Amino acid sequence: MQKDPSPLVPPRIRKPQTLEDPPWQADLQPDLQSDFQPDLQPDLQPALLARRVIQPPTESRLDSLIDCSDDYEDSDLFYPGTHRISPQDREMSLQVPVRAKVHRSSLYSDDEHLDDDDPSLWEAGSVGSLQGSVYLPNTGRLSAATKDDSSQLAAVIKMGWLDKNPPQGALYYQRRWVKLDVDYLRYFDNDKEVYSKGIISTAFVTHVTSVGELKFEVVTNNRTFIFRAESEVERNDWVDALQDCTRGRHLRSTMNPCSPLSAEFQGYLELRGLRSKLYTVVASEKVFLYKNIEDYRLGVGITSIEMNVGNVKDTDRRGFDLTTPYRIFSFIAESEQLREQWVEAMRNAIGEALSNSEVAERIWAEPSNSLCADCEAPQPEWAAINLCVVVCKRCAGEHRGLGPSISKVRSLKMDRKIWTEELIQVFLLLGNERVNSFWAANVPPSEALSPTSCSEERRRFITNKYRQGKYRKYHPLYGNQRELNNALCINVQCSDVLETLSLIFCGADVNCSTDMASWPTALSLANAHSQPLQAELISHNLNTELPRSEVDEGMAAIHYSTPPCVSHNGFLFKTASMARAITERKSKDEFSRRWCTVNDGTFSYYESDKNSNPNGALKASDIVCLAVDVPQRHGFDNTFELYSESERLYLFGTDDPDSHKEWVKSIAKTFIPAGVEPLLKLAFERIGRLKCKDGLNLQTSKVGWFALVGSTLHAYLEDSQGEEIHLRKLNELSIQQDNEVLVLVEKGRTLYIEGERKLDFSGWCAAIQAAAGSGGDTLSQQQLTETDIPVIVHSCIGYITQCGLTSEGIYRKSGVNSRVAQLLERFRCDARSVRLREGEHQVDDVSNTLKRFFRELGEGLFTSEDAGSWLSAAGIQDGSKKISQYQQLFNRLPCVNKATLQALINHLYCVQRFSELNQMNVHNLAIVFGPTLFQCDGKDFTAGCAIEDLIQHYTFIFQVDEQQLKKQLDEITAIIEMREKLNTKFPSTEPGGHFICTVYLEEKKDTAEQHVKIPGSMTAAELACEVLDRRKIRVKDKDYWNCWEVSDKEEMERPLHYQERVLPTLHSFGTDSHLLIKKHLAMEAMLVYLASKVEPSKHGMMKFREERSILGLGLSSFHDRYFILNSSSLRMYKEIRSNRTERDWPVKNLKVYLGIKKKVRPPTCWGLTVVYECKKQDKQERQQWYLCCESLSDMREWYATFLSIQYDGNVWPQDGLQQTQAGRALPETRHGNVSLIPLRGSENEMRNSVAAFSQDSLAVSETTNHQELI
């Protein structure tokens, strides 16, 4: 929770002096003890108790604000209508127009029909003229408002009864009292209610149309609201009123960054008694309630609370009450610290609401004063009275940082005494526009502020503007002190206040002598000549510290240097701007021809080259990403995309490739900083800025500039030199934290790229993932290891070295064709994610996958250019010349080909060294790999000879270190000996993939260990019986012997269900886990408990904690939560009265362990560790969290319920554990009708088999019984 200026909220609407209080307000009496009554809707839940101060005349309840019947009661606020909500639309900031001087937005898009807007609607007074509209019925006119109560809404344009259609096209309508003002369409339960059921910002209304009989639609960006009037005349009146109110407002609010009012404080608050959290926004003198942050950004809320009748007080550690004459809102913050911040923000809002707005209204009467002099934010409520500028609250804070000797900051509303009539007239006479003609005469476009500028940018700009005077318009007499003083004494005798301001802040001394005894100072001279405005300006600058022409010693001088001038213009074709990613091809008909220019850091587009006013413009600071599309992706051959800070996407195209290239270069130059200019020299596909964190500092985000070129990501992070990230060499690439963090893991470093804006971040993620995958069928386009070996080659060689070197006929026998094709396809999609595991993958399948990869490799391992030379070298008779020729050809290979060839020949050399076990000598390997690597038909043995030479002379051709090779062979020998010692059978020869495992009896110690062969079908009960049989332990009645999975690192254990297969558990083991056979002492009590239950379910309180995520997210301590466990899911609620779940997990996907590691400091010793595993986007995701129970029996009951649900009540065999021999004879392995190359025999016999084999070295005959190979 923090003050975040980025989301935008509706502007404050001041109370018109002509409105009157509703007559029923005077009759309201306090009733602190009464309860809210339930609504008379038949489908509503029971009303919840809450306190209030005054009982309205009609029945009402607090939860009507939030909807207990159909999710807001009018739940169409929260369900999409005919317009679906896209993720990008949800990120749009909530911005609402204000009454201000007409000006064009720099972000207007021509697809929003700018030229059709009626500027007169936005001129001063035009909105106010609607307040006396005939749309306000006589029966609903409000009586005179008192000065003490202005809680009613702003000027009502129209109000009356309407029927409102609930969501999803239901047939019935709900009767609602509806009010329309300038900024909102609100609807209430009845005409006496103060707080609405729902509010719709008129800024987000795209159009209003009549539909059907007596009905009309109010359509926003994402939803459609349908209302029905009582007559056609009434319907037409509503449509006209809404169209007049909303015309042009949607464009300004969603596209103009100068219009919104920033929130003072925002976040989630729990509303006591309703067991739900509302997104709450404190803005100016109002508090807005929204169902969630998405609705806040979409402009659809519940209600707003006027703070001029509010009072805030603390109630407990985290709670506080917001009391109004109509209701008490009891809020609960997430922490005590946040509660203090919420209370302070709301009290500030009350102070602002009670302040006098008379001065502000008068100052704003000058149109230029309605926008901040520094950032152009609307409705500025502060002023620097000596500098004569009106500024917003955020800029006022930076003015205060300059000190009162430079800027004297005062509030337009609260500092009433300072605002004399003369001072007000000075501000009206000058105005921000005229005074900025002096202060901001030379502001470079790249340094100008916007309403969304950060604090650091504001501080730098305001310091430069007022302390340094960097942008001021220098007076012709600047530097001549005497002449400046004389000019000041002359000018104060007339009415030119702006000239006096210019003289003072260019160095004239306001305390200089006039050489006149009667009027010795400029101030007395102004008073003597009846110039009160001149006197007022001088009096506020008697002690002002003037802008410095030179900086102090010790402070580095800041010199403005004009950036390189980038200028380009010409015609481009443009589509309508979008708020979501482009997924479909755009035809030429969807583009419009526009004259475009790049100049002074701004990219503008016009209706034609004859127009002087642009249809739209993007400042350099607003552009966050530029993406270059592949040719012919859209109707125009060459297109590029621009992504803006406001989550909009602009697509431009041309058929001229040279023009396209020049435009991309020019636009990139405008928004790329000078420090990262080397990126501009690259032929990038995407360039822009992103926030990121590295593994050394996860606390602070950095701004990085990135450019994607092929499979290389070029990056410039803060305070660092440029670096290259080779995406195909990453150890890991994943999207985590609900698609908001892109994780790139390379050797010795992890980089986290954060999704600050969803639109451009999703584009970056897709582009980086595509670039990191296999880009084609050549070696260089594969995913690579750090040593430039394709991951598929490295993985297959590693697996066969570990599991298949003693397999007879390795690389000769064919695997199952369907499995080979499937595995190869997985490697091609994302080789980095494939994990080869013994038992899960057969050795022959893996070996044939490797061979098929090389056979189908584009350009081959030896390259199509040099393959013939390699074959010719095989025919050289002189041995030394042959080796020399091979070395020359090897050095001519591309880098990746060289590394791959050496790795493969090294592997084959190791295979033939153990030919006494696998029967694959050099000659046999050459027969298999010759046609494969040279991609030939194998009708002669030339290719085989070349491979045979490479293996035979491996150490000479590749100049291998003999010591390193010996070490490698020793390691392989050790692996083989270990596997023989454990009597391990290889997966390729035993269906099911047997595994030798160490199992302990009752405790982990050497004397208790047993080495057991685990078939794929062995269950936990069978393993327990196997170990007990070996130790000759008889199973007695009521002996609940179990096989347990024990994790020493996590300090937890889990009894395997008696029917659970053991082998999958073994494969999921970590090195710190083991299997243990021991009695389940709590099983008897668990069975008794389950027997007493009609259905397996449980609910109650437990203490909950999450495992911290990679970025330190999640609950860091235990918190009380209410859980409900039923036959399908485990649901978690914040408290017992909550009606909305915080989390919901499917029970079948949960693994529940007994015990919690001490490191997380569990509050009790009866804990459960829960692991949730699921597949998300084809990737396995794992979450871990902890539950603490109040007692041992409580923990047993929860665990028993979990087991019963997961295994449909079959927790333990009815007849107990049957002690039978678990070992079983293995079926004889057969290979069907596979064509095999002879392992032994003469060279002629082997060569006769080569031709048939090489036609398809992986094929098996159609009659092969594949099931026998599985």
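Note that this is a predicted model, so its numbers are computed, not measured.

A. A look at the side chain of Lys-851. Within the element layout of this structure, Lys-851 appears in helix H18 (residues 843-855). Here Lys-851 sits buried without a salt bridge, and the closest side chain of opposite charge, Asp-844, lies 8.1 Å off (N-O distance). Separated by 2.5 Å, the side chain of Lys-851 and the backbone oxygen of Tyr-811 make a polar contact.

B. Here's a closer look at the pattern of salt bridges. Under the counting rule described, the total for this entry stands at 61 salt bridges. The residue Asp-191 makes a salt bridge to Lys-192 at a minimum N-O spacing of 3.5 Å. When its relative accessible area of 28% is taken as the criterion, Asp-191 is described as partly exposed. Accessibility expressed as a relative area gives 24% for Lys-192, which makes it partly exposed. With a closest N to O distance of 2.6 Å, Glu-856 and Arg-828 form a salt bridge. With Glu-856 in the loop between H18 and helix H19 (867-873) and Arg-828 in helix H17 (residues 817-830), the pair connects residues that are 28 residues apart, well separated along the chain. If you follow the salt bridges from partner to partner, you end up with Glu-645, Arg-689, Lys-691, Glu-756, Arg-757 and Asp-760 in one network.

C. Just the packing of aromatic side chains, in detail. As enumerated under the stated definition, the model contains 44 aromatic pairs in all. Seen from their ring centres, Phe-603 and Phe-652 are 5.1 Å apart, and the 85° between their planes marks the pair as edge-to-face. With Phe-603 in strand S23 (residues 602-606) and Phe-652 in strand S27 (residues 649-654), the pair connects residues that are 49 residues apart, well separated along the chain. When its relative accessible area of 2% is taken as the criterion, Phe-603 is described as buried. One aromatic cluster is present, formed by Tyr-184, Tyr-268, Tyr-279, Phe-288, Tyr-290 and Tyr-296 through successive ring pairs. One cation-aromatic arrangement involves Arg-1054 over Tyr-1153; the distance from NZ or CZ to the ring centre is 5.7 Å.

Definitions and limits used
Residues numbered from 1 in each chain as written. Predicted model: local features only at pLDDT ≥ 70, side-chain atom pairs only at ≥ 80, totals over all residues. Heavy atoms only, no water. Helix = DSSP H or I, 4+ residues; strand = E, 2+ residues; numbered from the N terminus. Buried < 20%, exposed > 50% of the residue type's maximum accessible area, 1.4 Å probe, protein only. Lys, Arg positive; Asp, Glu negative; His and termini not counted. Salt bridge = Lys/Arg side-chain N within 4 Å of Asp/Glu carboxyl O. Polar contact = N/O pair within 3.5 Å; in protein donor to acceptor, adjacent residues only side chain to side chain. Phe/Tyr/Trp six-rings, centres within 6.5 Å; stacked < 30°, edge-to-face > 60°. Lys NZ or Arg CZ within 6 Å of the ring centre and 35° of its normal.

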